[in-house]
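# Observations on chain architecture
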Amino acid sequence: SYQEEARLGQGNIFGESAGPANIQLPREIAELPEWSELELLAGEKEVLGLYLSGHPLGHYEQVIGAFATHTVRQLRSLSPGTQVRLGGIIERVKKLVTKKEGKRMASFSFEDLTGKLEALAFPDTFEKSGGYLHNGHIVFLEGKLEIREDRPQLVVSEVVPVSEGLVHYAQKVEVAFFPAGLEDDVLEKFRNLAARYPGKAALVLRLRFTGRRAVRLKLDNGYRVAPEESFIQAVEALFGPDSITVA
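Sequence order as written defines the numbering, with residues in each chain counted from 1. Thresholds applied to this predicted model are a pLDDT of at least 70 for local features of residues and 80 or more for the giving and counting of side-chain atom pairs; totals over whole chains, interfaces and linings are not thresholded and use all residues. Calculation of side-chain values draws on the structure's entire complement of heavy atoms; hydrogens and water are dropped beforehand.

### Some details on the sheet that holds strand β9 (residues 244-246)
Strand pairing in a sheet relies on backbone hydrogen bonds. The paired strands run either parallel or antiparallel. A pair of strands is treated as paired once DSSP finds two or more bridges between them. The numbering of helices and of strands both runs from the N terminus, where a helix is a DSSP run of H or I of at least 4 residues and a strand a run of E of at least 2. Sheet architecture is open: four strands sit in the order β8-β7-β6-β9, paired in mixed fashion. Looking at strand neighbours, the two that pair on one side only are β8 (214-218) and β9, the edges of this open sheet. Averaged over all pairs of adjacent strands, the angle between their axes in this sheet comes to 20 degrees, without regard to strand direction. The strands that helix α7 (residues 186-195) touches are β6 (172-177) and β7 (198-208); relative to β7, the one it contacts most, it runs at about 160 degrees. Axis definition: a line fit to C-alpha positions, over the contact stretch in the case of helices; interaxial angles, taken between N-to-C directions, run 0 to 180 degrees. The contact rule is simple, with two residues in contact once any of their heavy atoms fall within 4.5 Å.

Written as structure tokens, this is what we have:
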């Protein structure tokens, strides 16, 4: 009956019986992978001029907060010439050539979660860091603050990808655990792990005891480490979630 076909979704608008639709997408379309969160946000920015479903810096808020010395909003209260380190996203890159010597440089916008500013990378900086100056790249910028027409501007001296920020800026890595009840080989595994990630960050052990007591032991310079993401994951696999702090 018509009612039965409607219930099964098998009728068409003219009341004629029909089988279920079977639409085949081209294979190259059907097999396209889903966009990552960053790709989706970049698409929103390109089409709409704003981020709608989130902000690409949200994923990096913790590491930026740990190693940036200032936010864009705070720059207005600083004196010209102040050296700062900002964490954010690069936009509207313009590659330029100096008139006198024909050397390459760049100007671009830079945005963090508090605001935007304009930045300049002169030839010396562009030569060593120009490869990081692309739209959508999330980086740390170091440089000197200038005020132009009552607006902050940054003359960039160094660019560090945010993914390398932990290793580049970390001064201390603290690993916390309860020594009581540890299996015999856990500390040996940790010692071997630290040896595979040599770096410049001091390594501190925070030994926890009952009653909220803890003892910190700073290891000698032979145990300085590079807190790469894989190192952090391996430490947490040994001692549990939130057992490592990088500062």
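### Looking at the sheet that holds strand β4 (residues 138-148)
Taken in spatial order, the five strands line up as β1-β2-β3-β5-β4 and close into a barrel, and their pairing is mixed. Each strand axis lies, on average, 50 degrees off the axis of its neighbour in the sheet, ignoring direction.

### With respect to helix α8 (residues 229-239)
If you check which residues of α8 are buried, you get Phe231, Ile232, Val235 and Phe239. Seen along its axis, α8 keeps its buried residues to an arc of 100 degrees; they face one direction. Remark: exposure states derive from per-residue accessible area (1.4 Å probe, protein chains only) relative to the maximum for the residue type, with buried under 20%, exposed over 50%, and partly exposed in between. To obtain the arc, one takes the directions from the helix axis to the C-beta atoms.

### Details of the packing of aromatic side chains
Between 30 and 60 degrees the pair is tilted, below 30 it is stacked and above 60 it is edge-to-face, where a pair is any two Phe, Tyr or Trp rings, Trp via its six-membered ring, whose centres lie within 6.5 Å. The full count for this structure, using the stated rule, is five aromatic pairs. With 4.6 Å between their ring centres and 15 degrees between their planes, phenylalanine 177 and phenylalanine 239 make a pair best called stacked. Of the two residues, phenylalanine 177 sits in strand β6 while phenylalanine 239 sits in helix α8, which places them 62 residues apart along the sequence. For the pair shown, phenylalanine 177 and phenylalanine 239 are each scored as buried. Within the aromatic cluster, the residues linked to one another by ring pairs are Phe67, Phe140 and Tyr169.

### Notes on the pattern of salt bridges
Salt bridges, as used here, are contacts in which a Lys or Arg side-chain nitrogen is within 4 Å of a carboxyl oxygen on Asp or Glu. In this structure the tally under the stated criterion is eight salt bridges. A salt bridge links arginine 148 to glutamate 146; the shortest N-O distance between them is 2.9 Å. Assessed through its relative accessible area of 46%, arginine 148 is described here as partly exposed. Since its relative accessible area comes to 19%, glutamate 146 is described here as buried.

The values reported here are purely geometric and, on their own, carry no functional implication.
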